[in-house]
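Chain by chain, the residues run as shown.
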Amino acid sequence: MRYSAFSLAWNALTGNRNWTPAWRDAAPQDYYDVVIVGGGGHGLATAYYLTKNHGITKVAVLEKSWIGSGNAGRNTTIIRSNYLMPGNIPFYEWSMKLWEGLEQDLNYNTMVSQRGVLNLYHSDVQRDVFARRGNAMRMHGVDAELLDREEVRALVPYLEFEDSRFPIHGGLLQRRGGTARHDAVVWGYARGADRRGVDVVQNCEVTGIQIFAGRVSGVETTRGVIRTNKIALAVAGSSSRVAAMAGLRLPIESHVMQAFVSEGIKPLVDHVITFGAGHFYISQSDKGGLVFGGDIDGYNSYAQRGNLPAIEDVCEGGMAIMPVIGRVRIVRSWGGLVDMSMDGSPIIDRTSVEGLYLNAGWCYGGFKAIPASGAACATLVATGSAPDLIKAFRLSRFATGHLLDERGGGPFPARQ
Ligand SMILES: Cc1cc2nc3c(=O)[nH]c(=O)nc-3n(C[C@H](O)[C@H](O)[C@H](O)COP(=O)(O)OP(=O)(O)OC[C@H]3O[C@@H](n4cnc5c(N)ncnc54)[C@H](O)[C@@H]3O)c2cc1C
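Residues numbered from 1 in each chain as written. Predicted model: local features only at pLDDT ≥ 70, side-chain atom pairs only at ≥ 80, totals over all residues. Heavy atoms only, no water.

### Comments concerning the overall build of the protein chain
Put simply, the rule is: In DSSP terms, a helix is any run of H or I states spanning at least four residues, a strand is any run of E spanning at least two, and both are numbered starting from the N terminus. Our radius of gyration is a C-alpha quantity, and the globule rule it is checked against amounts to 2.2 Å times the number of residues to the power 0.38. Exposure is judged per residue with a 1.4 Å probe applied to protein chains only, and the accessible area is read against the type maximum: over 50% gives exposed, under 20% gives buried, and values in between give partly exposed. Each accessible area is a Shrake-Rupley result for a 1.4 Å probe, and residues are judged covered by the shown protein chains and nothing else. Only four residue types enter the tally: Lys and Arg on the positive side, Asp and Glu on the negative side, with His and both chain ends excluded. Note that the charge is assigned to NZ on lysines, CZ on arginines, CG on aspartates and CD on glutamates.
Across its full length, the protein chain holds 11 helices and 19 strands. Here the C-alpha radius of gyration of the protein chain, 21 Å, is about what a compact globule of 416 residues would show, namely 22 Å. With the principal axes as the frame, the protein chain shows a C-alpha extent of 65 × 65 × 40 Å. When burial is assessed residue by residue, the protein chain has 54% of its 416 residues classed as buried. Here the protein chain displays about 17,800 Å² of accessible surface, and carbon together with sulfur accounts for 52% of that area. Between the averaged position of the 42 positive side-chain charges in the protein chain and that of its 39 negative side-chain charges there is a distance of 5 Å.

### A short note on the packing of aromatic side chains
Just so we agree on the cut-off: Paired rings are identified among Phe, Tyr and Trp, the last through its six-membered ring, by centres lying within 6.5 Å, and are further divided according to the angle between planes into stacked (under 30 degrees), edge-to-face (over 60) and tilted (the rest).
Evaluated as defined, the whole model comprises 16 aromatic pairs. Between Tyr48 and Tyr189, the aromatic rings sit 5.5 Å apart at their centres with planes inclined by 70°, giving edge-to-face as the arrangement. Taken as a pair, Tyr48 in helix H2 (residues 41-54) and Tyr189 in helix H7 (residues 182-195) lie far apart in primary sequence, 141 residues in all. What makes Tyr48 buried here is its relative accessible area of 1%. Overall, the relative accessible area of 0% leaves Tyr189 in the buried class. Ring geometry for Phe260 versus Phe292: centroids 5.5 Å apart, planes at 25°, classification stacked. Taken together, the residues span a long stretch of sequence, with Phe260 in strand S13 (residues 252-264) and Phe292 in strand S16 (residues 289-300) at a distance of 32 residues. Overall, the relative accessible area of 2% leaves Phe260 in the buried class. The exposure class assigned to Phe292 is buried, which follows from its relative accessible area of 6%.

### Describing the site of the ligand
How we decide: If even one non-hydrogen atom of a residue comes within 4 Å of a molecule or strand, that residue is called near it. Identification of polar contacts relies on pairs of N or O atoms within 3.5 Å, with a donor-acceptor requirement for protein atoms, meaning one able to donate a hydrogen and the other able to accept it, and with residues adjacent in sequence counted only if both atoms are side-chain atoms.
Surveying the vicinity of the ligand reveals 39 residues, the closest of which are Glu63, Asn71, Ala72, Thr76 and Lys368. In the model, an oxygen atom of the ligand is placed 2.7 Å from a nitrogen or oxygen of the Ala72 main chain. Within the contact set of the ligand, a nitrogen atom lies 3.1 Å away from a backbone nitrogen or oxygen of Tyr364. Relative to its free-state accessible area of 1,000 Å², the ligand is covered by the protein chains to the extent of 97%.

### Here we look at the sheet that holds strand S19 (residues 356-360)
Cut-off, in case you're wondering: We treat two strands as partners when DSSP finds at least two bridges between them. Every axis corresponds to a line fitted to the C-alpha atoms, with the helix fit spanning only the stretch in contact, and the corresponding angles, defined between N-to-C directions, vary from 0 to 180 degrees.
In space, the 6 strands of this open sheet follow the order S8-S2-S1-S12-S19-S18, with mixed pairing throughout. Among the strands making up the open sheet, the edge pair consists of strand S8 (199-201) and strand S18 (347-350). The sheet shows a mean angle of 15° between the axes of neighbouring strands, taken without regard to direction. Sheet topology places strand S2 (residues 59-62) next to S8; 3 bridges connect them, and they run parallel. Paired with Val61 across the bridge in S8 is Val200.

### Digging into the sheet that holds strand S15 (residues 280-284)
Across the sheet, 8 strands lie side by side as S5-S6-S4-S14-S15-S16-S13-S17; this open sheet has mixed pairing. This sheet does not close on itself; its edge strands, each paired only once, are strand S5 (145-148) and strand S17 (330-341). Here the strands of the sheet are splayed against their neighbours by 25° on average, with no regard to which way each runs. With 2 bridges joining them, strand S14 (residues 272-274) and S15 adopt antiparallel strand pairing.

### Description of the environment of Arg132
Following the sequence through the fold, Arg132 ends up in helix H5 (residues 124-139). Sequence-wise, Arg132 and Leu146 are 14 residues apart; in three dimensions their C-alpha atoms are separated by 9.9 Å.

### Notes on the packing of H2 against H7
To keep it simple, the criterion reads: Each crossing gets its handedness from the near helix: less than a right angle anticlockwise from the far helix is left-handed, clockwise is right-handed. Residue contacts follow a heavy-atom distance rule, with two residues in contact if any of their heavy atoms lie within 4.5 Å. Only Asp, Glu, Lys and Arg are considered charged in this grouping, and only Ala, Val, Leu, Ile, Met, Phe, Trp, Tyr, Cys and Pro are considered nonpolar; every other residue, Gly among them, is considered polar.
Relative orientation of the contacting elements H2 and H7 amounts to 30°, with a least axis distance of 8 Å. Crossing hand, H2 versus H7: left-handed. Of the residues in H7, those in contact with Leu44, Ala45, Ala47, Tyr48 and Tyr49 of H2 are Val186, Tyr189, Ala190, Gly192 and Ala193. Its residues placed into classes, the contact of H2 with H7 shows 9 nonpolar, 1 polar and no charged.

### Describing the packing of H2 against helix H10 (residues 370-383)
Rules: Here the angle decides the label: under 35 degrees means roughly parallel, over 145 means roughly antiparallel, 65 to 115 means roughly perpendicular, and every other value means oblique.
As a packed pair, H2 and H10 sit with axes 7 Å apart at the nearest point and diverge in direction by 55°. It follows that H2 is oblique to H10 by the angle criterion. Considering how the two elements wind past one another, H2 and H10 form a crossing that is right-handed. Each of Gly41, His42, Ala45, Thr46, Tyr49, Leu50 and His54 in H2 lies in contact with H10, whose residues at this interface are Ile370, Pro371, Ser373, Gly374, Ala375, Cys377, Ala378, Thr379, Val381, Ala382 and Thr383. In terms of residue class, the contact of H2 with H10 is made up of 10 nonpolar, 8 polar and no charged.

Spelled out as structure tokens, the structure:
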């Protein structure tokens, strides 16, 4: 069923009894040309672009739980392309452009909202760093505006400018950045892939990877063995565990990261705002809840829940720039399993096992990358060669030393 104003009106007038399921509840078959492990944003987008851009339709996405139960449905929905490194900017800008046309492409309302992403700076040194980043963005054709204090005040007057420990000196604004509804992105890609013939198989955990003569020959799952010659891993925080099934040891650590939603309040925060002197960022959902988060919890874990010290740290950051929200109550919080790489940048590449591809290392920033990552990973899997825009995301960079250290944090996943 194609969604349109006409189908909406027709279904409303007929008692909403004729909507069809957005995707099938597929059962696994014996063989697929490509098996994608992980029904998050990256796995589903890869499947979608495999069918759409390369005509490969004998594809399965295997998800151990329900689709979107991982980070894809747990993130704080920010999309942006305000990066510094030449290996990152063009890729994330490509993703921004795909976001801008995604709803038409998928025929699905993913609620892309380009409300602007504002990074605050609190010192002259930080202003220079942000100016450099803004210039790098503009040199790549990406929109960026360096604002002084009064320009920021005109935009977001409810922030605390002078009377705080970290007075706000200005901000770097990317107006095209913003948010997208994370569940809808998962559902839109699942529906788009399903319509083109992909089997989206839920409650199907991959428990083993079969290898014969150095190349993949199948996957073992809780719903039986499936034969295939190509497997793409898109399991985010479970990457090291699943890759270990093929004997690989990845330069990735899994950490917990939390997100928070407050009770609904009247419209206040109409941008995405990030604190520059600590780790806190915030936006407001269409239902009125403030959606915010901060740093990772800082210890290795495979649990999807976090701890109180991180909550305290996030709330301190929030109070430093926005005491106006001090009495607002938090109603929900949760943790996600982020796949922190050694340089904070992702990996989309082949592996030493023939036919096994890796899409991982997205840290806490992979939601915005979903469209470009899916399209690039699909090209890699379909053609065997990586598009130029992901050449910097090679796995071999950790052996050769060509790291893509966006944050300059060194080889420490917990600091990225
Ligand atoms: C709290 C939080 C806030 C974030 N905020 C942002 C943000 O604002 N902007 C942004 O760009 N990024 C953000 N991120 C990061 C972003 O969510 C992730 O980088 C991205 O979602 C990861 O890719 P994915 O969607 O494919 O992962 P996931 O949704 O985690 O998908 C992986 C899937 O693999 C499945 N799986 C695991 N093992 C197996 C197995 N053995 N067999 C079958 N299936 C398996 C899991 O169940 C899971 O559904 C945030 C992350 C968190 C946790």
